[in-house]
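Single-letter residue listing:
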Amino acid sequence: MEGVMSHGNDLNLKATELRLGLPGTDESTSKNNKRTANELVKNSELLNGKSDAKARDGETVPASKSQIVGWPPVRSFRKNIVQPKKTEAETGNFVKVSMDGAPYLRKIDLKIYKGYQELLKALENMFKLTIGEYSEREGYKGSEYAPAYEDKDGDLMLVGDVPWDMFMSTCKRLRIMKGSEATGLGSGV
Amino acid sequence: MVNYFPEEVLEHVFSFLTSHRDRNAVSLVCKSWYNVERFSRGKVFIGNCYAISPERLISRFPRVRSLTLKGKPHFADFNLVLHDWGGYVYPWIEAMAKGCTNLEELRLKRMLVSDASLELIAKSFPNFKSLVLVSCEGFTTDGLAAIASNCRFLRELDLQENEVEDPRGQWLSCFPDSCTSLASLNFACLKGEVNLAALERLVARCRNLKSLRLNHAVPPDVLQKILARAPQLVDLGAGSFVHDPESETYNKLKNVMQKCTSIRSLSGFLDVNARCLPAIYPICINLSSLNLSYAPGIYSKELVKLIRKCKKLQCLWILDTIGDKGLRVVASACKELQELRVFKSDPNDVGNAAVTEEGLVAISAGCPNLNSLLYFCRQMTNTALITVAKNCPNFIRFRLCTLDPITPDAVTMQPLDNGFGAIVQSCKGLKRLSVSGLLTDQVFLYIGMYAEQLEMLSIAFAGNSDKGMVYVLNGCKKLKKLEIRDSPFGNMALLADTGKYETMRSLWMSSCKVTFGACKSLAEKMPRLNVEIINEGDEMEGGSDDRQNVEKMYLYRTLVGPRKDAPDSVWTL
């Protein structure tokens, strides 16, 4: 009650307050009808038949309180909008990888790589080939393979030109090109 | 004296009355006023579609041009009501199509809207101008295609938070080239792709377009092209706002944004890369309304940078990722704030809510004009609520939601009765209140005593005894809607003042202590109430025990008796 007194002077709450107990008694006498937090664990069947007074612990909330139907009161529309974001963050960013001449494609999760170096190493391992070093001027000179990717606009681009983050968000599929077609890409055309 | 005025004069005078309450009052004065009023009423608001029938509506108001209808009870929003409980709009449209083809505007909330209904609208009302659907379901984009194709004078198509199936996604292309009248288009809630080229052409030819809210399928480069064509926009909902800040698209977007000096309201950002937000900095100073509550990817730092620039903001909807710290910034920057809604960023997260009573107190201190609040928080204290009540006496809507529905005062561990008591005592204009936290009958005593203007009250997990509910029913003279869940109110409270329910729109009670027998006797006593029991389980089948507690009861006043479209699981007593 002290809290009310110190801030309640302007509102004069105490003077107008109708109390459940006798004047002069404090609120603790009326505490005996509180429900325990534990009762909340069951779904909505909470209060059927529970008319006796119970003391309130006032402590930790059981973890299963999230099972309460419809609490917190959030529209399902809003719940569905917000949730998919999380799952997208958790699932990978898988893209197909084709290699010219190979009988079938592979799939890799771009999210597990921190940058181009790791990605290229993984591709080299997966397809048993050497791709070599990237240079802006010459592409992947020295290798008979060139890693390319199809971006959002459908264009075939050389891997390594754009910042890694941008590559991650625009890469739709990877293609390892081979032979003369490959070397043609990076040679300053 | 006024009886000798010719009807045209009366009608002209009445035309200045826009509120339906004023018009209702006027129609009660005398027979001739009743008649003049009813022929001149253009806009009708029906808060419960089962309170009256469409035929009676049309016979009383034959010239109605604008109809607002609400269907399911509010708690349907939180999955407490069966999907097929009711609220079908088709019978209304069918009746209007026969008797009142002047219909121009239809606004529906929480109703079941079928594609057939939309097709019927499209076919039946040649002057149809405006369709607003809020929290509705049952239709697909095929229905929207019918509206787009046939409503030649369509001005407004506003879809807010509806569940819409999208089988084909070509509805936008159905707007004919001759359609140039659109002033407001909101399809943010649609999940599917849209024909982007058709969208661009539509925007280009609708020179009166003032409000446009896009869905997530509209990428930033299309947004940029649209804004270049429509710099006159006042209200914008961005769809996808993910792009590389170093790209050409981003640059173009930045430039075009600077020219959009008319934008006063901003929302959307359904997909967002926070590093792209600086593109909207130039328009922040003009914003009166900002809704970032659908954008979970923005962290507190960026949010704060953005909001700091919104000095004229009156309405802010935000996620609790803003934190108490962020709310302090809002309090210092947005002095004209009137409405604040802070939503949970992850509704299923059990413990990491990021705002507390401190953020709310800061807001109340910095924004004295605050009159509308929805606040999801981890904890609250009486002291904080009392301070808020003192700082902001102008609340009209005050809705608090603690993550744990029976959490006590976080400091004193006492119930939050006194805090809410201070709110109702200080805010004499309070019309809507949702209480939350550990609460005893005492808080309802305060509400009954002080909340004289209260029209809607939401109660969950609160109170100790029937007395609590009785205090409210006795005290709140203007109460229209009362919804209660999981609280120990029983038959004594339900039956204490049965006449009261005819002065209210509806009462919802679920998981309380009301028995079947009491509901039956209430229904018998009050023929102008529909008392519905919703049974989801098998327990109530075939002969139920009068002493058994009712899981869900919904009662409402009505002039047309029990409805005929209730599913098997809903019994009207």
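Residues numbered from 1 in each chain as written. Chains lettered and ligands numbered in written order. Predicted model: local features only at pLDDT ≥ 70, side-chain atom pairs only at ≥ 80, totals over all residues. Heavy atoms only, no water.

### Details of the overall build of chain B
- Tallying secondary structure elements over chain B gives 20 helices and 23 strands in all.
- For 573 residues, the compact-globule estimate of 2.2 N^0.38 gives 25 Å, and chain B sits close to it at 25 Å.
- Seen along its three principal axes, the alpha-carbon backbone of chain B occupies a region of about 70 × 60 × 60 Å.
- The proportion of buried residues among the 573 residues of chain B is 61%.
- Partitioning the intrachain contacts of chain B with sequence separation of at least 6 by distance along the chain shows that 71% fall at a separation of at least 24.
- As displayed, chain B has an accessible area near 21,600 Å², and 51% of this comes from carbon and sulfur atoms.
- The average position of the 69 basic charges and that of the 61 acidic charges among the side chains of chain B differ by 8 Å. (Helix = DSSP H or I, 4+ residues; strand = E, 2+ residues; numbered from the N terminus. Rg over C-alpha atoms; globule rule 2.2 N^0.38 Å. Buried < 20%, exposed > 50% of the residue type's maximum accessible area, 1.4 Å probe, protein only. Contact = heavy atoms within 4.5 Å. Areas by Shrake-Rupley, 256 points an atom, 1.4 Å probe, with all protein chains shown as cover. Lys, Arg positive; Asp, Glu negative; His and termini not counted. Charge placed at Lys NZ, Arg CZ, Asp CG, Glu CD.)

### Some remarks on the confidence of the model for chain B
- Scored by pLDDT, chain B has a mean of 92; 97% of the residues are at 70 or more.
- Here the predicted complex carries an ipTM of 0.83, next to a pTM of 0.78. (pLDDT = per-residue confidence, 0-100.)

### Some words on a positive patch on the surface
Residue and element names in this part refer to chain B.
- On the surface, K301, K305, R308, K309 and K311 cluster together to form a positively charged patch.
- The residue K311 is located in the loop between α12 (300-308) and β13 (315-319) in this model.
- The exposure class of K311 is partly exposed, given its relative accessible area of 44%. (Patch = residues over 30% accessible without salt bridge, like charges linked within 9 Å, V, L, I, M, F, W, Y side chains within 5 Å. Salt bridge = Lys/Arg side-chain N within 4 Å of Asp/Glu carboxyl O.)

### Side note on the side chain of B:S184
All names here are of chain B.
- You can see S184 is positioned in strand β8 (residues 184-186).
- The exposure class of S184 is buried, given its relative accessible area of 11%.
- Setting aside chain neighbours within four positions, we find S184 in contact with R155, E156, L157, L209 and S211.

### Side note on the environment of B:G297
- As for its placement among the helices and strands, B:G297 is situated in the loop between β12 (289-291) and α12.
- For B:G297 and B:L270, which are 27 residues apart along the polypeptide, the C-alpha to C-alpha distance reads 9.1 Å.

### Quick look at the UniProt feature "domain: F-box" (unreviewed entry) in chain B
- Residues annotated by UniProt as "domain: F-box" (unreviewed entry) correspond here to residues 5-46 of chain B.
- When the span residues 5-46 of chain B is considered, its composition is 62% helix and 10% strand, and the gap between its end C-alpha atoms is 30 Å. (UniProt positions renumbered as here; feature names shortened; annotations may be inferred.)

### As for the packing of helix α1 (residues 7-14) of chain B against helix α3 (residues 31-40) of chain B
Residue and element names in this part refer to chain B.
- Contact geometry for α1 and α3: axes closest at 10 Å, N-to-C directions at 60°. Judged by the inter-axis angle, α1 sits oblique to α3. The two elements α1 and α3 meet at a crossing, and its hand is right-handed. Across the interface between the two elements, E7, L10, E11 and F14 of α1 pack against W33, V36, E37 and S40 of α3.
- Residue classes in the contact of α1 with α3 are distributed as four nonpolar, one polar and three charged. (Axes fitted to C-alpha atoms, helices over the stretch in contact; angles between N-to-C directions. Parallel < 35°, antiparallel > 145°, perpendicular 65-115°, else oblique. Left-handed = near helix turned anticlockwise from the far one by under 90°. Nonpolar A, V, L, I, M, F, W, Y, C, P; charged D, E, K, R; others polar.)

### A closer look at the packing of aromatic side chains
Residues and elements named next belong to chain B.
- Summed over all chains, the structure comprises 25 aromatic pairs over all chains.
- Relative to W508, the ring of F75 lies with its centre 6.0 Å away and its plane at 85°, an arrangement referred to as edge-to-face. Here the residue F75 occupies a position in the loop between β2 (66-70) and α5 (90-99), and W508 occupies one in strand β20 (residues 506-510), the gap between them amounting to 433 residues. The exposure classification of F75 matches that of W508, with both residues buried.
- Ring centres 5.7 Å apart and planes at 80° place the aromatic pair F444 and F489 in the edge-to-face group. Taken as a pair, F444 in helix α17 (residues 441-450) and F489 in the loop between β19 (481-485) and α19 (491-495) lie far apart in primary sequence, 45 residues in all. Of the two residues, F444 and F489, neither departs from the other in class, the shared state being buried.
- In this structure an aromatic cluster arises from ring pairing among Y50, F75, F78, W85, W508, Y554 and Y556.
- The positively charged end of K309 is found above the aromatic ring belonging to Y281, 4.6 Å away from the centroid. (Phe/Tyr/Trp six-rings, centres within 6.5 Å; stacked < 30°, edge-to-face > 60°. Lys NZ or Arg CZ within 6 Å of the ring centre and 35° of its normal.)

### What about the packing of helix α6 (residues 115-124) of chain B against helix α7 (residues 141-150) of chain B?
Residues and elements named next belong to chain B.
- The interhelical angle for the contact between α6 and α7, taken along N-to-C directions, is 5°, at an axis separation of 8 Å. By the criterion of interaxial angle, the relationship of α6 to α7 is roughly parallel. Across the interface between the two elements, D115, L118, E119, I121 and A122 from α6 touch D142, G143, L144, A146, I147 and N150 from α7.

### Thoughts on the pattern of salt bridges
- All chains considered together, the criterion is met by 25 salt bridges over all chains.
- B:K520 is the partner of B:D546 in a salt bridge, and the nearest nitrogen-oxygen pair spans 2.9 Å. On the criterion of sequence distance, the pair formed by B:D546 in the loop between β21 (529-534) and β22 (552-557) and B:K520 in helix α20 (residues 516-525) is long-range, its members being 26 residues apart.
- Owing to a relative accessible area of 36%, B:D546 belongs among the partly exposed residues under this scheme.
- B:R547 is paired through a salt bridge with B:D545; the nearest N and O atoms lie 3.4 Å apart.
- We classify B:R547 as exposed; its relative accessible area is 68%.
- Residue classification places B:D545 among the partly exposed positions, given a relative accessible area of 34%.
- Residues joined in a network through salt bridges with shared partners are A:R75, A:R78, B:D77, B:R110 and B:E161.

### Notes on the pairing of strand β14 (residues 339-343) of chain B
All names here are of chain B.
- With respect to burial, β14 is a largely interior element, five of its five residues being buried.
- Taking every second residue as pointing to the same face, both faces of β14 are buried, with E339, R341 and F343 on one and L340 and V342 on the other.
- The pairing of β13 with β14 spans five bridges and is classified as parallel. Within β14, the residue paired with L316 across the bridge is L340.
- Strand direction decides the pairing type here: β14 and strand β15 (residues 372-377), joined by four bridges, are parallel. Bridging across to β15, L340 finds its partner in L373. (Pairing = 2+ DSSP bridges.)

### Focus: the sheet that holds strand β3 (residues 145-150) of chain A
Residue and element names in this part refer to chain A.
- Strand order in the open sheet formed by five strands is β2-β1-β5-β3-β4, with mixed pairing between adjacent strands. The open sheet terminates on both sides in strands that have one partner only, identified here as β2 (106-109) and β4 (156-158). Between one strand axis and the next, the sheet turns through 35° on average, direction left out of account.
- Bridge count between β3 and strand β5 (residues 173-178): six bridges; the pairing is antiparallel. By the bridge assignment for β5, A148 is matched with R175.
- Sheet strands in contact with helix α4 (residues 116-127) are β1 (94-99), β2, β3 and β5, and its direction is about 155° off that of β2.

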